[in-house]
Amino acid sequence: MGETRRRFDPEFRAGAVRIVRETGKPIAQVAKDLGINAGTLANWVQMDRLAREQDTNGGELAESEREELARLRRQRTEWAKERAELEMERDVLKRSVVLWVREAMGR
């Protein structure tokens, strides 16, 4: 028979994450002490870290991040246009080679 998954209440999760954050102990050691899987605790710590970062930023991008995002989007658009042009040139060259080969073969 398969094992059932253990459920941990939010208080336990928060406490485990707080232990890792405040003591500086390795996740593996804290997980072993609490009798839980280290991967599970690592996931909780990562989720907490991401939530804290969002709270710090308020979910908003900094001005420099917005500028960088706008620059990258412009660059992506330019590259997409260049790629379309290069693909069109490639297709024309392919057709030219096919016609040249047919003519050379006498067909």
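Above: the structure in question.
What comes next is a walk through the structure.

Thoughts on the layout of surface pockets
For step 1, the next point in the chain: Quantified by volume, the largest pocket comes out at close to 260 Å³.
For step 2, the next point in the chain: The wall of the largest pocket is formed by Arg 5, Arg 6, Arg 7, Phe 8, Arg 13, Ile 36, Asn 37, Thr 40 and Trp 44.
For step 3, the next point in the chain: Residues that form the lining of the largest pocket fall into these classes: three nonpolar, two polar and four charged.

Brief notes about the packing of helix 1 (residues 10–23) against helix 2 (residues 27–34)
For step 1, the next point in the chain: The contact between helix 1 and helix 2 brings their axes to 9 Å, and the two run at 140 degrees. Classified by the angle between their axes, helix 1 and helix 2 sit oblique to one another. Pair helix 1 / helix 2 crosses with right-handed handedness. The residues of helix 2 that touch helix 1, namely those facing Phe 12, Ala 16, Ile 19 and Val 20, are Ile 27, Val 30 and Leu 34.
For step 2, the next point in the chain: Looking at side-chain class alone, the contact of helix 1 with helix 2 contains seven nonpolar, no polar and no charged residues.

Criteria and thresholds
- Residues numbered from 1 in each chain as written.
- Predicted model: local features only at pLDDT ≥ 70, side-chain atom pairs only at ≥ 80, totals over all residues.
- Heavy atoms only, no water.
- 1 Å grid on protein atoms, 1.4 Å probe; cavity = no way out; pocket = protein on both sides within 12 Å on 5 of 7 lines; lining within 4 Å.
- Points joined across faces, edges and corners; volume = space filled by probe spheres on them.
- Nonpolar A, V, L, I, M, F, W, Y, C, P; charged D, E, K, R; others polar.
- Axes fitted to C-alpha atoms, helices over the stretch in contact; angles between N-to-C directions.
- Helix = DSSP H or I, 4+ residues; strand = E, 2+ residues; numbered from the N terminus.
- Parallel < 35°, antiparallel > 145°, perpendicular 65-115°, else oblique.
- Left-handed = near helix turned anticlockwise from the far one by under 90°.
- Contact = heavy atoms within 4.5 Å.

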